Amino acid sequence: MPINNIVVLTGAGISAESGVATFRGPDGLWEGHRVEDVATPQALRRNPELVHRFYDLRREKLGTVEPNAAHLALARLDREWPGELLVVTQNVDDLHERAGLTRLVHMHGELLSALCASCGAKHRWPGAMPAGTVCPGCGEPALRPDIVFFGEMPEHMDRIERALADAQLFVSIGTSGAVYPAAGFVQTAAYHGARTLELNLERSAGSAWFDETRLGPAGTLVPAWVEEVLNSSPAYSGGGGPA
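Residues numbered from 1 in each chain as written. Predicted model: local features only at pLDDT ≥ 70, side-chain atom pairs only at ≥ 80, totals over all residues. Heavy atoms only, no water.

### What about the pairing of strand S8 (residues 143-147)?
Within a regular strand, the side chains alternate between the two sheet faces.
Phase 1 of the analysis: Most of S8 is tucked away: five of the five residues are buried.
Phase 2 of the analysis: Inspection of the sheet shows strand S6 (residues 109-116) paired to S8 by four bridges, in the antiparallel sense. Bridged to Leu 115 within S8 is Arg 144. (Buried < 20%, exposed > 50% of the residue type's maximum accessible area, 1.4 Å probe, protein only. Helix = DSSP H or I, 4+ residues; strand = E, 2+ residues; numbered from the N terminus. Pairing = 2+ DSSP bridges.)

Written out as structure tokens, the structure is:
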């Protein structure tokens, strides 16, 4: 049966090749900090200055990195794939957008966004955000990084679940397969009949759930897969956008 509907999940491995630090290093630290100290609601209440400074530094560093071949390949898929496509990223960087990808949702928030803890409004925020920064909307000193901390609900889950139920192909790129709910997406997609493919530097914790695993750098595997999937589509004419 021809494939029309694709869902792609991307994780830290795709941005690591651009120089973005992965979520948790081999020493258990995230850029020198325990995850519990910078990525939980309790940490934000306990030491807001540390949490805000941590994300300020990550925001600064984001300006020094560029999309890599894997990001650019997915942007090409977005432009040229004539069927349905949704890319779900666990990453909070903006490298997918800078590559040109539009059919995209960030399930763990966005580094260049601020969330008001008082009114719930979101604001694009490329600069520094010290603790106590005033919300442009309601005027309360309640802005925080628009990041989904541990213990908080990931975003866009209704849309993601609908896309997984309709997918004919589910592809996971650069993920550990250990962080839920994203780690369970392969099982959801497979339950609804999708073919499943993993593209990763090494086998993930969830590799056994995939129909196929291809190992290697994302910058090599993803462009090759995109070329393959575009050439396999009867509706593909070599350019354009979604039908």
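There is more to say after this.
### Some thoughts on the pattern of salt bridges
Phase 1 of the analysis: Under the defined criterion, the tally for this structure stands at 14 salt bridges.
Phase 2 of the analysis: Among the salt bridges present, the one from Glu 212 reaches Arg 214, with a minimum N-O distance of 2.8 Å.
Phase 3 of the analysis: For Glu 212, a relative accessible area of 29% translates into the label partly exposed.
Phase 4 of the analysis: With a shortest N-O distance of 3.1 Å, Glu 228 and Arg 214 are connected by a salt bridge. (Salt bridge = Lys/Arg side-chain N within 4 Å of Asp/Glu carboxyl O.)

### Points about the UniProt feature "binding site: Zn(2+)" (unreviewed entry) in the protein
Phase 1 of the analysis: Mapped onto this numbering, the UniProt entry annotates "binding site: Zn(2+)" (unreviewed entry) at Cys 116, Cys 119, Cys 135 and Cys 138. Across 23 residues, the annotated set stays spatially compact, with a maximum C-alpha separation of 8.6 Å.
Phase 2 of the analysis: Positionally, Cys 116 belongs in strand S6.
Phase 3 of the analysis: Its relative accessible area of 2% is what places Cys 116 among the buried residues.
Phase 4 of the analysis: Mapped onto the elements, Cys 119 comes out in the loop between S6 and strand S7 (122-124).
Phase 5 of the analysis: When near neighbours in sequence (up to four residues on either side) are disregarded, Cys 119 contacts Cys 135 and Cys 138. (UniProt positions renumbered as here; feature names shortened; annotations may be inferred. Contact = heavy atoms within 4.5 Å.)

### Side note on the sheet that holds S7
Phase 1 of the analysis: Taken in spatial order, the three strands of this open sheet run S7-S6-S8, and their pairing is antiparallel. A strand with exactly one partner marks an edge of an open sheet, and here the two such strands are S7 and S8. Averaged over all neighbouring strand pairs, the angle between strand axes comes to 45 degrees, with direction disregarded.
Phase 2 of the analysis: The strands that helix H4 (residues 48-62) touches are S6 and S8; relative to S6, the one it contacts most, it runs at about 140 degrees. (Axes fitted to C-alpha atoms, helices over the stretch in contact; angles between N-to-C directions.)

### Quick word on helix H7 (residues 157-166)
Phase 1 of the analysis: Looking at H7, one finds that the buried residues are Met 157, Ile 160, Ala 163 and Leu 164. For H7, the angular spread of buried residues about the axis comes to 125 degrees, placing them on one side. H7 presents Asp 158, Arg 162 and Asp 166 as exposed residues on the side facing more than 90 degrees away from its buried surface.
Phase 2 of the analysis: The secondary structure elements touched by the buried residues of H7 are strand S1 (5-10), strand S4 (84-89), strand S5 (104-106), strand S9 (169-173) and helix H8 (185-191). (Arc of directions from axis to C-beta.)

### A look at the domain arrangement of the protein
Interfaces are often described in size by the accessible area the parts lose on coming together.
Phase 1 of the analysis: When the domains of the protein are assigned, the result is domain 1 (1-20 + 67-108 + 154-236) and domain 2 (23-64 + 112-147).
Phase 2 of the analysis: Each of domain 1 and domain 2 has a C-alpha centre, and these two points are 27 Å apart.
Phase 3 of the analysis: Listed by partner, the interface residues are nine residues for domain 1 and eight residues for domain 2.
Phase 4 of the analysis: Of all residues in domain 1, Val 92, Asp 94 and Glu 155 bury the most surface against domain 2, accounting for 48% of the area lost on that side.
Phase 5 of the analysis: Of the charged contacts, one joins Lys 122 and Glu 155 as a salt bridge, the two residues approaching to 2.8 Å between their closest N and O atoms.
Phase 6 of the analysis: Counting across the domain 1 and domain 2 interface gives two residue pairs in polar contact (both at pLDDT 80 or more). (Domains from an automatic or database assignment. Buried area = accessible area lost by both parts, 1.4 Å probe. Polar contact = N/O pair within 3.5 Å; in protein donor to acceptor, adjacent residues only side chain to side chain.)

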